[in-house]
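Commentary on secondary and tertiary structure
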Amino acid sequence: QVQLVESGGGLVQAGGSLRLSCAASGRTFSNYAMGWFRQAPGKEREYVAAITWSRGTTYYADSVKGRFTISRDNLKKNTVYLQMNSLKPEDTAVYYCVADTVGGTKVSEYTYWGQGTQVTVSS
């Protein structure tokens, strides 16, 4: 059974940084894409970033490009990070780790989801 477990969320002031972690288990993810989505109160879930496990190619939503960095840990297999810098109040949301064989920018393109971790950015 595939499990994705996020950690690292919390409360931070605007301009600050947080690093989210996602530990995946239950299968080998060497041919998977893993990524992050987020959902703010009253809004639809939206794509944030993704990384292909085999080549490490990264993709970002325009809203976070230049501020967020997604990476994978080759030593701790199946662990993905999201480094978030220059955080803004509008980044406040529940952040979800996702995984699937192909990946993309749509919610429907990911089979596996974590339970989410709250990120709150105060102004």
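Below: a short report on this structure. A quick note: this is a predicted structure, and the numbers were derived from the prediction, not measured.

Scanning the model with the defined rule gives 5 aromatic pairs in all. Each ring, one from phenylalanine 37 and one from tryptophan 113, has its centre 5.2 Å from the other, and the planes form 50°; the classification is tilted. Within this pair, whereas phenylalanine 37 is found in strand β4 (residues 33-39), its partner tryptophan 113 is found in strand β10 (residues 112-113), the two being separated by 76 residues in sequence. Summarising the aromatic geometry, the rings of tyrosine 96 and tryptophan 113 are spaced 6.1 Å apart at their centres and angled 70° between planes, so their arrangement reads as edge-to-face. Of this pair, tyrosine 96 sits in strand β9 (residues 93-100) while tryptophan 113 sits in strand β10, and the two are 17 residues apart along the sequence. Using a relative accessible area of 12% as the deciding quantity, one classes tyrosine 96 as buried. Classification of tryptophan 113 as partly exposed rests on a relative accessible area of 24%. An aromatic cluster is present here, built from Phe37, Tyr47, Tyr96, Tyr110 and Trp113 joined pairwise through their rings. The ring of tyrosine 81 has arginine 19 sitting right over it, with the charged end atom 4.1 Å from the ring centre. The ring of tyrosine 96 has arginine 45 sitting right over it, with the charged end atom 3.9 Å from the ring centre.

A few words now on the sheet that holds strand β7 (residues 68-73). Backbone hydrogen bonds hold the strands of a sheet together, and the pairing may be parallel or antiparallel. As summarised here, the arrangement of the 4 strands in space is β1-β3-β8-β7, forming an open sheet in which the pairing is antiparallel. Looking at the sheet topology across the chains shown, the edges are occupied by β1 (3-7) and β7. In this sheet, adjacent strand axes meet at a mean angle of 20° when their direction is disregarded. As defined by bridge partners, β1 adjoins strand β3 (residues 18-25) across 5 bridges and the pair is classed as antiparallel. In the sheet register, serine 7 faces β3, and the bridge partner there is serine 21.

What counts as what
Once a new chain begins, its residue numbering starts again from 1 and follows that chain's sequence as written. Given that this is a predicted model, residues contribute local features only at a pLDDT of at least 70 and side-chain atom pairs are listed and counted only at 80 or more, while totals for whole chains, interfaces and linings are drawn from all residues. Hydrogens are left out, water is left out, and the side-chain values use all remaining heavy atoms of the structure. Each Phe, Tyr or Trp ring (for Trp, its six-membered ring) is paired with any other whose centre lies within 6.5 Å, and the angle between the two planes then decides the class: stacked below 30 degrees, edge-to-face above 60, tilted in between. A run of DSSP states H or I qualifies as a helix once it reaches four residues; a run of E qualifies as a strand once it reaches two. Both are numbered from the N-terminal end. Exposure is judged per residue with a 1.4 Å probe applied to protein chains only, and the accessible area is read against the type maximum: over 50% gives exposed, under 20% gives buried, and values in between give partly exposed. Two limits define a charge over a ring: the Lys NZ or Arg CZ must be within 6 Å of the ring centre, and within 35 degrees of the ring normal. Here, a strand pair is defined by DSSP locating no fewer than two bridges between the strands. A fitted line through C-alpha atoms serves as each axis, taken over the contacting stretch for helices, and the angle formed by two N-to-C directions is quoted from 0 to 180°.

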